Amino acid sequence: MSLDPEAMAPPETPWQEFLRIFRKDYQALFGFWVLMLLLVSALAGKALTEWWVVFDPEVVRLTDKFLPPFSVPSPDSLPTDRPFGGIYLMGTDELGRDVFARMFQGSFVSLSIGFVAVGISLGIGILLGGLSGFYGHVKLWCITVDTLIMRFTDAMMCFPTFFLILTAVALLPPSIYTIMMIIGLFSWMGTARFVRAEFLSIREQDYVTAAKALGIPEGRIIFRHMVPNALAPVFVSATIGVASAILTESGLSFLGFGVPPPDATWGNILSDGKGFIFDAPWLFFIPGMAIFMVVLAFNLVGEGLREALNPKLRSR
Amino acid sequence: MNSTTSPLLQVTGLKKYFPVRSGIFSRVSGWVKAVDDITLQIKHGETLGLVGESGCGKTTVGRSILRLMEPTAGEIKFEGEDLLALKPRELRQARRRMQIIFQDPYSSLNPRMTIGSIVSEPLKIHKIAKGQELQDRVNQLFVKVGLRPEHQSRYPHEFSGGQRQRVGIARALALNPKFIVCDEAVSALDVSIQAQILNLLRDLQQEFHLSYLFITHDLNVVQYLADRIAVMYLGQLAEVASTEDLFATPKHPYTQALLSANPVPDPTAVSQRMILSGDVPSPLHPPTGCRFHPRCPQVMDVCKTAAPPLIQIGPPEEGHQVWCHLYT
Ligand SMILES: Nc1ncnc2c1ncn2[C@@H]1O[C@H](COP(=O)(O)OP(=O)(O)O)[C@@H](O)[C@H]1O
Ligand code: SF4
Ligand SMILES: [Mg+2]
């Protein structure tokens, strides 16, 4: 960069700079539009399958079992049970239910499980990691806060998360809220370690020392100087966390421990379809592809954010 | 009390030991004696250079004085006030009078704050100015350090190292301090920019009647700015003298070695290079007796067992002090 102040590029806020970098990342952009589509379909799915029932995921039509995608209802089906538009876009399942309507409803359920579970795990992870990173040296009786929190985290981490969740789900009454809670409660460990490491390294940065030297109160140092610098990478890992929560839910449903009927999730649509993989492959492939695309999209966006959000990498 | 005769800063017997922990119960297994019994004073408007190899404890001295670290022992009096006895509230007030400038112009500015808010934050927090007055004050500071006020809404990564260092200086000046610790303030910069920043620091010193503790490993840099120089070796002082005396008649073998390793600006001067042999010993297990003895070319038997006493060279008012058995 030139020393001459006149020669500087026009000012750019971090947000503009972020956009400029993110826009050039085609994979991340692709992921972003997939996620936008998912978000719209999740909201529309909630509205059009529950509030104004345009697509009814629950109608059972024994006359229309196992119809492949793009089929029209059979002539002897009840006119009131016909799907919107007179066509089964994604076919029907073993009870003659409209797979498109079920996927539509499931998109909201899957996405909200992802967001709520990640919200819970971020909350716990940031709190514990932050405490450990900032007040870690404080002694409680004979053990430091840091040791206490990190050994607990290690203990939680040494169990395979999926089996912990499976055990908890098997013991608790099955419902969509239990699933959200449990996935969240058992997946904060990575975030906690991450936030702790960020806090430990940021605490030693000279700008934090400078703030201390200027007599800036501790609360303000934490929230104005440390948290914004620690959070960008946490946000990135949260994006990827949503994908893994959706995947966990699908896995649970697949094993029969997931969200119980009548709520449709992509996982339990997939799970119902697995019995008919040769007779009705769309029951398996449609939710499978949807899960694959969404998980891929979240990961691509996460990677793109990691690149674009990191002023430390760009600063030199 | 009379502030013209007493020193601005009086540090007595300063010690800072870092615990070394090991094992699963984090038991303290030893102490890094980073600073071990240092006494120095800085007068009003004076610059004291603190020189020594990397790792000898210079930063630790600077940060302990500002209470950015808690010293293990010692006394720090600033304008006659005992800094170590201050309660948190009083300490926050005292911080307005003493500031610090850092070595690394990259990590010393918060990358997510504009340079304008970096400089105005202390003024707001200490309720020194607000509204238009705050804006005027920040503009003024920018001009003083050679930055363009219209760049206030930009972020640190848009600037070069030298310009960032100017932002750091503006931030340190914001509270109108009397004393600034410059910790290797120019060491990370290109030589041409070093000179600009050194000039700026000198101009600011005259304008605001500042005192500096100027920490560096580079004797050339302090020669230009310091009134007096303290040479440090492994957590202790080796020699303290006025800049002229130190360069003309260095007494301590370590100072002599440092000076002979220093490229001499005057080409006619006869330079006899004295090479320091061996590595700097670890402050975890400092040598007995004189800490410099394993590397000293003039080492004697007494040096290995007895710590050297403080010797005054010449009349005491000249303040040339050396810690070495050669002069007993
Ligand atoms: N926070 C710390 N914990 C443990 N040891 C430290 C810490 N800070 C500094 N030290 C040790 O103290 C000694 C002096 O360090 P420092 O004051 O940074 O030296 P200098 O600034 O002269 O290079 C070094 O040996 C260093 O390893
Ligand atoms: S006291 Fe002895 S070992 Fe130490 S510097 Fe003097 S002569 Fe060298
Ligand atoms: Mg240092």
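Caption draft 1: Expanded view of the environment of Leu214 of chain A. Positionally, Leu214 of chain A belongs in the loop between helix H8 (206-213) and helix H9 (218-254). Along the backbone, Leu214 of chain A and Phe276 of chain A are 62 residues apart, and their C-alpha atoms lie at a distance of 69 Å. Residue contacts for Leu214 of chain A: discarding those within four places in its chain leaves Arg95, Gln99, Pro122, His126, Arg171 and Leu175 of chain B.

Caption draft 2: Up close: the site of ligand 2. As a matter of local geometry, ligand 2 sits amid His252, Pro253, Cys290, Phe292, His293, Cys296, Gln298, Cys303, Cys324, His325 and Leu326 of chain B. Of the residues in the shell around ligand 2, the class split is 7 nonpolar, 4 polar and no charged.

Caption draft 3: View of the sheet that holds strand S8 (residues 211-216) of chain B. All names here are of chain B. Strands sit in the order S6-S7-S8-S3-S9-S10-S12-S11 across an open sheet of 8 strands; the sheet is mixed. Both outer strands of the open sheet, strand S6 (98-101) and strand S11 (310-313), are each paired with one neighbouring strand and no more. On average, adjacent strands in this sheet sit at an angle of 20° to one another, irrespective of strand direction. When strand S3 (residues 47-51) meets strand S9 (residues 228-233), the two strands line up parallel, connected through 4 bridges.

Caption draft 4: Structural detail: the side chain of Thr60 of chain B. All names here are of chain B. Tracing the backbone through its elements, the reader meets Thr60 in helix H1 (residues 58-65). Judged by its relative accessible area of 9%, Thr60 falls in the buried class. For Thr60, the contacting residues outside a window of four places in its chain are Lys16, Phe18, Ala34, Val35 and Met69.

Caption draft 5: Seen up close, the sheet that holds strand S1 (residues 9-22) of chain B. Residue and element names in this part refer to chain B. Read from one edge to the other, the open sheet built from 4 strands follows the order S2-S1-S4-S5, with strand pairing classed as antiparallel. Pairing within the sheet leaves two strands with one partner each, and these edge strands are strand S2 (27-42) and strand S5 (81-82). Pairing of S1 with S2, which is carried by 12 bridges, proceeds in the antiparallel orientation. Along S2, the bridge assignment pairs Pro19 with Trp31. Packed onto the sheet, H1 meets S1, S2 and strand S4 (73-78) and runs at close to 115° relative to S1.

Each value, and the rule that gives it
Residues numbered from 1 in each chain as written. Chains lettered and ligands numbered in written order. Predicted model: local features only at pLDDT ≥ 70, side-chain atom pairs only at ≥ 80, totals over all residues. Heavy atoms only, no water. Helix = DSSP H or I, 4+ residues; strand = E, 2+ residues; numbered from the N terminus. Contact = heavy atoms within 4.5 Å. Near = heavy atom within 4 Å. Nonpolar A, V, L, I, M, F, W, Y, C, P; charged D, E, K, R; others polar. Pairing = 2+ DSSP bridges. Axes fitted to C-alpha atoms, helices over the stretch in contact; angles between N-to-C directions. Buried < 20%, exposed > 50% of the residue type's maximum accessible area, 1.4 Å probe, protein only.

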